[in-house]
Amino acid sequence: MAGIKFVPEGRASVYSFVLGLGAVCIPLLSAAGSDIAWVQTLLPGIRTKIAIAVYVASVNGLLLVLYKGPVYQVAVRACFLGFAFGCGLLVSFSKTSWGPFGWYMCSLSFFHYSEYLVTAIINPRSLSLDSFLLNHSLEYKVAAVSSWVEFTVEKLLFPELKPLAWLSALGLLMVLIGECLRKSAMLTAGSNFNHIVQNEKAQSHVLVTAGVYSWFRHPSYVGWFYWSIGTQVLLCNPLCVLGYALASWRFFRERIEEEEITLIHFFGEDYLEYKSKVPTGLPFITGIKMEP
């Protein structure tokens, strides 16, 4: 990461994410080294699950030694997301019908970690534990749990709904495009990006209209919108596809209207001109309507 200047919390998050991801090496080592003498010597009679539990406990102990206070809170969350990402990789490449859920785990954990990481790069002054977006809202948590329940119930009761490889591939493509669009928007906006709508204009605030902002007025919301729906297409969850689409559309419609009131207040005619030329990027959402 040459050229990237990290605040201590950002560096801690990277190291911790990698440590959490390292847990994936244990089952791979166990499988690949079943006929290797030194592996059998290293893990004599210890089951893989126990070895992973010992590894996770050891990593947590290491983080307690290395980091204190708020930085430890960052580290333990990043480590958990790295662990979840690694578990997702294992499930994805396993020879079971749970593969799509593994890709979903990777998508979800990487989304939340990368939100924190990119914020640490572009706008460290706004960085906080909330930058992980793990405590986004109660509705967000309910939506996530609902998708897990639907996938599991339908897989058990209607297994023919789930092994639709082409549909899962389409969902994964939507996730990747949505993720890339959102992070591109964050990086393009730089210090102008904030997870919280700002009510006061800072001296550093400028109206960003270049890059992906020349395509859509709200590219980060467009990316998040299609990412969220893509996660449910990936899981072949018909109920949650509909539910996520409706809930996300309503949320972003209200959010965009709220944000554009602030942007008009900040930038006046410049934003109104930009608004007249560039669409929001979201279907049937035009933004705040100005009285003639």
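Anyway, here's the lowdown on the structure attached to this text. Keep in mind that what you see is a predicted model, and the values were worked out from it rather than measured.

**Some remarks on the overall build of the protein**
Each helix and strand in the protein was counted, giving 11 helices and zero strands. Traced from its N-terminal end to its C-terminal end, the protein shows the element sequence α-α-α-α-α-α-α-α-α-α-α. When the backbone C-alpha atoms are referred to their principal axes, the protein occupies close to 80 × 50 × 30 Å. Within the span of the protein, comprising 292 residues, buried residues form 44% of the whole. Long-range pairs, those at least 24 residues apart, make up 75% of the contacts in the protein between residues at least 6 apart in sequence. Carbon together with sulfur atoms contributes 69% to the accessible area of the protein, which is approximately 16,000 Å² in total. Within the protein, one finds 21 positive and 19 negative side-chain charges whose respective centroids are separated by 8 Å.

**Focus on helix α10 (residues 238-267)**
Between the first and last C-alpha of α10 there are 42 Å, a value that for 30 residues agrees with the 44 Å anticipated at 1.5 Å per step. Gly268 lies just past α10 and shows a positive phi near 55 degrees.

**Let's talk about the environment of Val118**
Here Val118 shows up in helix α6 (residues 99-122). Residues Val118 and Met186, 68 residues apart in the sequence, show an inter-C-alpha distance of 7.4 Å. Here Val118 is in contact with Lys183, Met186 and Leu187, once residues within four sequence places are set aside.

**Quick look at the pattern of salt bridges**
The final tally for this structure, using the stated rule, is seven salt bridges. Put simply, Lys183 and Glu115 hold a salt bridge, and the shortest N to O gap is 2.8 Å. Of this pair, Lys183 sits in helix α8 (residues 165-189) while Glu115 is found in helix α6, placing the two residues 68 residues apart along the sequence. Grouping residues by exposure puts Lys183 and Glu115 together as buried. Note that Glu254 is salt-bridged to Arg250, the shortest N-O span being 3.5 Å. With Glu254 and Arg250 both in helix α10 and four residues apart, the pair spans about one turn of that helix. Three or more residues are tied together by salt bridges with common partners; here these are Glu115, Glu179, Arg182 and Lys183.

**Examining helix α1 (residues 8-21)**
Relative to the 20 Å expected for 14 residues at 1.5 Å per residue, α1 spans 20 Å between its end C-alpha atoms, a close match to the ideal helical length. Elements that come into contact with the buried residues of α1 comprise α4 (48-66), α5 (69-92) and α6.

**Examining unusual backbone geometry**
At Leu133, a position not held by glycine, the phi torsion is positive, near 60 degrees. Given a relative accessible area of 8%, Leu133 falls into the buried group. Its identity as a non-glycine residue notwithstanding, Cys236 has a phi of 55 degrees, on the positive side. By secondary structure assignment, the location of Cys236 is in the loop between α9 (219-234) and α10. Assessed through its relative accessible area of 6%, Cys236 is described here as buried.

The rules behind the values
- Residues numbered from 1 in each chain as written.
- Predicted model: local features only at pLDDT ≥ 70, side-chain atom pairs only at ≥ 80, totals over all residues.
- Heavy atoms only, no water.
- Helix = DSSP H or I, 4+ residues; strand = E, 2+ residues; numbered from the N terminus.
- Buried < 20%, exposed > 50% of the residue type's maximum accessible area, 1.4 Å probe, protein only.
- Contact = heavy atoms within 4.5 Å.
- Areas by Shrake-Rupley, 256 points an atom, 1.4 Å probe, with all protein chains shown as cover.
- Lys, Arg positive; Asp, Glu negative; His and termini not counted.
- Charge placed at Lys NZ, Arg CZ, Asp CG, Glu CD.
- Expected span 1.5 Å × (residues − 1).
- Salt bridge = Lys/Arg side-chain N within 4 Å of Asp/Glu carboxyl O.

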